[in-house]
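Spelled out from the first residue to the last, the chains are:
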Amino acid sequence: MQYNAVKGFKDILPGQMGAWNRIESEAKRIFEIFGFREIRIPILEKADLFIRGIGRETDVVSKEMYTFQDRKGTYLAMRPEATASVLRAYIEHKLYEGSSIQKLFTIGPMFRYERPQKGRRRQFHQINTEIIGDPGPRIDSELVYMIMMLFSSLKINDISLNINSLGCPKCREPFRIKLRDYLKDHYEELCPDCRRRMDTNPLRVFDCKVKTCNEVMEDAPVMLDFLCDDCSNHFHTFMSDLKGLNVDFVVNSHLMRGLDYYAKTTFEVQTRNLGAQNAIAGGGRYDGLIKELGGPDYPAIGFAIGMERIAELLNESGYQGKDTLDLFMIPLGKEAEDKVFIWLQKLRDAGIRCDMEYRSVGLKAQMKHADRLNAKKVFIVGEDELEKGKGILRDMATKEQIEISLTDPINEIISA
Ligand code: HAM
């Protein structure tokens with residue numbers, strides 16, 4: 001019996017890891033410049049954390065969560081996102097006592113039972129940041145600036161930044177009433193889910209994927225027309241700061257973001273190069289959520305980047321990464337093998353990425369192996385070379401060869 005990975009769960013193979021490592025290291029480098037600190041949180045949480053945090057009516061909670069009961073009957077969920085977990089940790093460990101502003105990031109797998117397709121998996125990975133304690137709007141534009149800086153350093157250019165404001169509970173209530181009235185007028189055109197959502201959570205109708213519902217929403221009232229003075233000023237300052245920072249954006253009044261916790265600023269970065277799953281990052285402000293989860297009434301904002309989608313963009317642009325060897329050692333014959341084996345370890349002591357084959361195969365097979373490992377150079381030592389006291393160092397790309405004295409080849413190889 002052959003086992004395959006579970007549907008929607010994928011292996012990331014060695015040849016793909018270069019792009020993944022580059023994304024992670026570049027994100028860490030940039031986040032540290034902006035004063036972020038890393039936090040690691042568990043994959044399992046009590047399911048209720050997400051039901052309360054993300055919202056019962058969202059697709060993520062109502063259709064996509066991996067939940068189960070453990071042996072004691074506790075209802076658990078594999079995290080579908082990181083924000084609620086980070087906040088749980090923030091509250092549980094009273095991180096607010098240390099500093100009034102916390103900038104946190106975390107990287108890891110998330111789980112959503114969605115229909116798998118290009119750019120959409122059931123296990124996927126996010127780079128997630130949260131800034132807790134700053135009411136904005138200045139920090140909102142700084143956060144967006146940071147994402148754009150990361151994408152530009154990864155040379156991901158063909159992207160557009162969509163922004164919107166979802167208002168605050170004060171101005172959202174009149175909007176919700178207006179939207180519900182509008183939906184009532186279009187009751188017959190709505191799918192059964194949206195007929196229910198119309199009463200429980202009408203904003204979620206914007207996320208519905210059914211065509212007739214989308215058509216209804218084209219002319220629906222939008223939150224931007226209902227913002228109170230405070231939310232409107234917040235949004236305008238956010239936009240003028242983005243302009244000041246030369247960050248291009250599009251105001252998209254239909255951007256609802258699929259999770260219930262957002263308020264005021266929301267944003268999504270989209271690419272034209274991935275087909276239907278075009279969102280490569282999304283986030284926004286979620287003032288009120290920390291209190292809702294039992295913590296202090298602190299404002300916060302964050303975003304998450306989908307790593308699969310970024311890795312795919314990098315791989316499509318031909319990114320090779322560091323999946324190479326500096327040197328592959330090719331001894332021919334027992335005497336050469338004994339010597340090369342010792343030199344190999346000494347080169348590794350000196351930090352050279354190198355390898356050799358212990359199965360005593362011929363030159364052709366070893367050259368093929370070197371090629372498969374993307375070795376930049378090979379060092380060949382056969383009987384003739386031992387006799388002459390000189391090995392051959394060959395550059396695999398240029399095919400140039402130089403001789404290296406076998407008396408002390410380590411330093412010569414390193415400086416060649
Ligand atoms: P989200 O929009 O649900 O936001 O996810 C963020 C990103 O994760 C998406 O833009 C996409 O790139 C990626 N993503 C989501 N689902 C999948 C999937 N099934 N397969 C592959 N990639 C996927 C959040 O999760 C919020 N917690 C972001 C946030 C942080 N807001 C505030 N702080």
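For every chain, the first residue of the written sequence is number 1, and numbering continues from 1 onward in sequence order. The predicted nature of this model means local features are confined to residues of pLDDT at least 70 and side-chain atom pairs, given and counted, to a pLDDT of 80 or more, with totals for whole chains, interfaces and linings taken over all residues. Hydrogens and water molecules were not included; the side-chain quantities draw on all heavy atoms of the structure.

1. Quick word on the packing of helix 5 (residues 138–153) against helix 9 (residues 229–244)
Convention followed: Between N-to-C directions, angles cover 0 to 180 degrees, with each direction set by a line fitted to C-alpha atoms, over the stretch in contact for helices. Strands are runs of DSSP state E lasting at least two residues, helices are runs of H or I lasting at least four, and both sets are numbered from the N terminus onward. Every angle not falling under 35 degrees, over 145, or within 65 to 115 is termed oblique; those three ranges are roughly parallel, roughly antiparallel and roughly perpendicular. The sense of a crossing depends on the near helix, which, turned anticlockwise from the far helix by less than a right angle, makes the crossing left-handed and, turned clockwise, makes it right-handed. Contacts are assigned to residue pairs that have any heavy atoms within 4.5 Å of one another. Gly is put with the polar residues, along with every residue not named as nonpolar or charged; the nonpolar set is Ala, Val, Leu, Ile, Met, Phe, Trp, Tyr, Cys and Pro, and the charged set is Asp, Glu, Lys and Arg.
Contact geometry for helix 5 and helix 9: axes closest at 8 Å, N-to-C directions at 40°. With respect to helix 9, the element helix 5 is oriented oblique. Every pair of crossing elements has a handedness; the one defined by helix 5 and helix 9 is right-handed. Residue-level inspection shows Arg138, Asp140, Ser141 and Val144 of helix 5 in contact with helix 9, the latter providing His234, Phe238, Asp241 and Leu242. A breakdown of the residues in the contact of helix 5 with helix 9 according to their chemical character gives three nonpolar, two polar and three charged.

2. As for the site of the ligand
Quick note on the threshold: We call a residue near a given molecule or strand whenever any one of its heavy atoms falls within 4 Å of it. Polar contacts, as used here, are pairs of N or O atoms within 3.5 Å; protein pairs need one atom able to donate a hydrogen and one able to accept it. Residues neighboring in sequence count only if both atoms are side-chain atoms. Residue-level accessible areas treat just the shown protein chains as cover; the underlying method is Shrake-Rupley with a 1.4 Å probe.
Glu81, Glu114, Arg121, Tyr262 and Ala279 are the nearest of the 28 residues found near the ligand. Between threonine 83 and the ligand, the recorded distance is 3.0 Å, taken from a side-chain N or O atom to a nitrogen atom. About the coverage of the ligand: the protein hides 95% of its 670 Å² of free accessible area. At the level of elements, strand 6 (123–132), strand 10 (279–285) and strand 11 (300–306) are the ones that each hand at least two residues to the shell around the ligand. Considering each element in turn, the shell around the ligand owes the most residues, six residues, to strand 10. Along the lines of polarity and charge, the residues of the shell around the ligand split into ten nonpolar, ten polar and eight charged.

3. A closer look at the side chain of aspartate 59
Tracing the chain through its elements places aspartate 59 in helix 3 (residues 59–62). Of the polar contacts made by the side chain of aspartate 59, one reaches the side chain of arginine 197; its length is 3.2 Å.

4. As for the packing of helix 1 (residues 17–33) against helix 11 (residues 307–316)
With their axes 9 Å apart at the nearest point, helix 1 and helix 11 run at an angle of 120° to one another. Our pair here, helix 1 against helix 11, has a crossing hand that is right-handed. Along its contact with helix 1, which presents Ala19, Trp20, Arg22, Ile23 and Glu24, the element helix 11 presents Met307, Glu308, Ile310, Ala311, Leu314 and Asn315. Residues that form the contact of helix 1 with helix 11 fall into these classes: seven nonpolar, one polar and three charged.

Function cannot be inferred from these measures alone, as they are strictly geometric.
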